[in-house]
Amino acid sequence: NPPLTLFSSFVCEMPPPSHSLFKQQRRQKLRLLCLLFLSIPLIVEIKSHYYSADDDTSRQRVQIHHRSSNDMEQHLQQLSGQDDEARDGNNKKVLPKFLAGEEDAMKYIDGHGKKGGGGRTQSAHRRGWVASSSSSSSSNSNNNNKPDKKFYDVYLKNAIENKPAYPLLKGFLRTVLEAYPESRTWFDGGAGTCGTMRALRSAGKIVRGIEISDVTKTSCKELAKEGVVETGVLNDLSRFEDKRFDVVFSSEVLEHVPTHLAEQSVKELVRIAKKDVFVTISLRRSGLDPKDPKKPAIVHLTVWPREKWEKAFVKAGCEINRAALKKFEKYDETKYGARPNFFAFTCHHHQKGTTEEENEDEEEQEIQS
């Protein structure tokens, strides 16, 4: 660069300094000016490189959202590193000896006892932050249109961030996996700390998840970078097409949904399921809610009896899957504490087929009958 060379030779290559203090100060200023001038191309290069890298990351995230179902499935397979699930000598799928996080959950239970999985006893400190966070943000109530995401950022950090995932703590995730041996794609509605998602991936499943708290700031952040878990709410799963997942799973989440959004959340979970939906739901107030039943709930916003939840799923197009529920009859309460409320459903059983071949088959069956 001729101008740059000329400037460098004129300013930077000074004659030997004289004894004049004024001249020395002037030369120092000129040298500093020379250094700043020569640094400009380097600064421009670094800045352009940074923004190009950031644009590439943004483009990758956009591409993830616009892939077809098959492309997405292949992409998630590569991310999970599980192209083939383990099988035994009879070609039946088998689970690993330990799911991801399962050993940590066992150690946690040994250290905290069976109530560590979700006992009713809560410390005054935990009640304090719930009360303060709810009073500072009044939108976490049934009187508002949307769930309070900020409240659940605080709730996750203070209540569950340092615990293993609930399905591992209560020891039932392995049984759920065994109930659906041929399943491949799973959805976790209310991913929490993403411990359940990691466990499912260790079993060879392709998993997507939604979590109301900010997944970029919790232990979900690595999965969030991969694009497999996103911040969102159960009453709006429009980013997923109909009948997308083999199994739709949600554990201890629906009771946190405001009452006026509960049925819509159920409909959305059913809509994205190919057939099977498995959920656990608390049927009573949280130990963090006010003890006075006359005061509005803060944590468990929808407390319905079992029959009402079942009616909501039946209304959305499901039947109770009693065969799946039988697998939980021998749940070990002596080890894991109180038995969770298990719900298993088979959905879309009586709906018309979504493809022409399915519709033709159903029409032929109707004619024959």
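Throughout this description, residue numbers start from 1 for each chain and increase along the sequence as written. At least 70 in pLDDT is required for a residue's local features to be given in this predicted model, at least 80 for side-chain atom pairs to be given and counted, and no such filter applies to totals for whole chains, interfaces and linings, which use all residues. Heavy atoms from the whole structure form the basis of all side-chain values; hydrogens and water molecules are not counted.

1. Regarding the overall build of the chain
Applicable threshold: By definition, any uninterrupted DSSP run of H or I lasting at least four residues is a helix, any uninterrupted run of E lasting at least two residues is a strand, and each is numbered from the N terminus. Here the term buried applies to any residue with accessible area under 20% of the maximum for its type, exposed to any over 50%, and partly exposed to those in between, with areas from a 1.4 Å probe on protein chains only. Reported accessibility uses the Shrake-Rupley method at a 1.4 Å probe radius. Residues are deemed covered only where the shown protein chains occlude them.
For the chain, the helix and strand inventory stands at 15 helices and seven strands. Across the 369 residues in the chain, those meeting the buried criterion constitute 41%. With an accessible surface of roughly 21500 Å², the chain has 51% of that area assigned to carbon and sulfur atoms.

2. A few points about the state of the cysteines
Inclusion rule: Here, two cysteine sulfur atoms that lie within 2.5 Å of each other are counted as a disulfide.
One pass over the structure, following the stated rule, counts two disulfides. With a sulfur-sulfur separation of 2.1 Å, cysteine 194 is cross-linked through a disulfide to cysteine 220. Here cysteine 194 and cysteine 220 share a disulfide; its torsion about the S-S bond, 110°, makes the bridge right-handed. Taken together, the residues span a long stretch of sequence, with cysteine 194 in the loop between strand 1 (185–189) and helix 9 (195–202) and cysteine 220 in the loop between strand 2 (206–211) and helix 10 (221–226) at a distance of 26 residues. For cysteine 194, a relative accessible area of 0% corresponds to the buried category. We classify cysteine 220 as buried; its relative accessible area is 0%.

3. Focus: helix 9
The buried fraction of helix 9 amounts to six of the eight residues, a majority that puts the element mostly inside the structure. Turning to helix 9, its buried residues are Gly195, Thr196, Met197, Ala199, Leu200 and Arg201. Of the residues one or two after helix 9, glycine 204 is the one with positive phi, at around 90°.

4. Considerations on the side chain of threonine 346
So the rule is basically this: Polar contact is the term for a pair of N or O atoms within 3.5 Å; when the atoms are in protein, one must be able to donate a hydrogen and the other to accept it, and sequence-neighboring residues count only if both atoms are side-chain atoms. The criterion used for residue contact is that any of the two residues' heavy atoms lie within 4.5 Å.
Tracing the backbone through its elements, the reader meets threonine 346 in strand 7 (residues 342–347). We classify threonine 346 as buried; its relative accessible area is 17%. Among the polar contacts listed, one links the side chain of threonine 346 to the side chain of asparagine 321, at a separation of 3.4 Å. With residues near it in sequence (within four places) discarded, threonine 346 still touches Lys275, Asp276, Gly317, Cys318, Glu319 and Asn321.

5. Here's the deal with the nonpolar core
What counts is decided by this rule: For our purposes a nonpolar core is just a set of buried Ala, Val, Leu, Ile, Met, Phe, Trp, Tyr and Cys residues, chained together by side-chain atoms within 4.5 Å.
Counting 37 residues, the largest nonpolar core has Leu173, Val176, Tyr180, Trp186, Met197, Val229 and Phe278 as its most contacted members. Listed by contribution, the elements that provide at least two residues to this core are helix 4 (102–112), helix 7 (166–169), helix 8 (173–179), helix 9, helix 10, strand 4 (245–251), helix 13 (322–326) and strand 7. Counting residues per element, this core draws most heavily on helix 8, at four residues. Ranked by size, the runner-up nonpolar core spans 29 residues in total, among them Leu254, Leu261, Ala273 and Cys318.

6. A short note on the packing of helix 11 (residues 259–271) against helix 12 (residues 306–315)
Going by this rule: The axes are straight lines fitted to the C-alpha atoms, using for helices just the contacting stretch, and the angles between their N-to-C directions are given from 0 to 180°. Roughly parallel refers to an angle under 35 degrees, roughly antiparallel to one over 145, roughly perpendicular to one between 65 and 115, and oblique to any angle outside these ranges. Note on convention: near helix rotated counterclockwise from far helix by under a right angle means a left-handed crossing. Clockwise means right-handed.
The geometry of helix 11 relative to helix 12 is characterised by a closest axis approach of 9 Å and an angle of 50° between their N-to-C directions. Relative to helix 12, the element helix 11 lies oblique. The interaxial crossing formed by helix 11 with helix 12 has right-handed handedness. Residue-level inspection shows Ala262, Glu263, Val266 and Val270 of helix 11 in contact with helix 12, the latter providing Trp309, Ala312, Phe313 and Lys315.

7. Thoughts on the pairing of strand 5 (residues 273–280)
Selection rule: Crossovers are marked right-handed if the path from the first strand over the helix to the second runs clockwise, as seen with the strands pointing away from the viewer. One bridge is not enough; two strands pair if DSSP finds at least two bridges between them.
The element strand 5 is extensively covered by neighbouring structure, given that six of its eight residues are classed as buried. Traced from strand 4 through helix 11 to strand 5, the parallel crossover comes out right-handed. Sheet topology places strand 5 next to strand 7; five bridges connect them, and they run antiparallel. Pairing of phenylalanine 278 across the sheet is with alanine 344, part of strand 7.

8. Thoughts on a nonpolar patch on the surface
Defined as follows: Here a patch means residues that are over 30% exposed by relative accessible area and free of salt bridges, tied together within 9 Å if like-charged and within 5 Å if nonpolar (Val, Leu, Ile, Met, Phe, Trp, Tyr). Whenever a carboxyl oxygen of Asp or Glu lies within 4 Å of a side-chain nitrogen of Lys or Arg, that contact is scored as a salt bridge.
Together, Phe37, Leu38, Ile40 and Val44 make up a nonpolar patch on the protein surface, roughly 340 Å² of accessible area in all. As for its placement among the helices and strands, isoleucine 40 is situated in helix 2 (residues 21–65).

9. Focus: the pattern of salt bridges
Under the counting rule described, the total for this entry stands at 11 salt bridges. Glutamate 222 is paired through a salt bridge with lysine 225; the nearest N and O atoms lie 3.8 Å apart. With glutamate 222 and lysine 225 both in helix 10, this residue pair falls three residues apart, about one helical turn. Among the ionic pairs, glutamate 230 bridges to arginine 239, the shortest N-O distance being 3.2 Å. Of the residues examined, arginine 239 reaches a relative accessible area of 38% and is grouped as partly exposed.

10. Let's talk about helix 11
Residues three or four positions apart in an α-helix share a direction because the helix packs 3.6 residues into each turn. Stated precisely, the cut-off is as follows: The length a helix should cover is 1.5 Å for every residue beyond the first.
In this model helix 11 runs 19 Å from its N-terminal to its C-terminal C-alpha over 13 residues, within 8% of the 18 Å that 1.5 Å per residue would give. For helix 11, the set of buried residues is Leu261, Ala262, Ser265, Val266, Glu268, Leu269 and Val270. Buried residues along helix 11 sit in contact with strand 1, strand 4, strand 5, helix 12, strand 6 (318–320) and strand 7.

11. Some words on unusual backbone geometry
With a phi angle near 50°, lysine 243 is a residue other than glycine that sits in the positive phi range. Among the secondary structure elements, lysine 243 is positioned in the loop between strand 3 (229–231) and strand 4. Residue class for lysine 243 comes out partly exposed when judged on its relative accessible area of 23%. At glutamate 252, a residue that is not glycine, the phi angle is positive and equals roughly 55°. On the secondary structure map, glutamate 252 appears in the loop between strand 4 and helix 11.

12. Remarks on the confidence of the model for the chain
Applied cut-off: Each residue carries a pLDDT score, the predictor's own confidence in it, on a scale running from 0 to 100.
Looking at the chain, pLDDT values average 77 and 65% of them are 70 or higher. Within the model, the stretch residues 56–68 combines pLDDT values under 50 with eight contacts to residues more than four positions away or in other chains. Considering only residues more than four positions removed or in separate chains, one finds that residues 134–139, a stretch of pLDDT under 50, has seven contacts.

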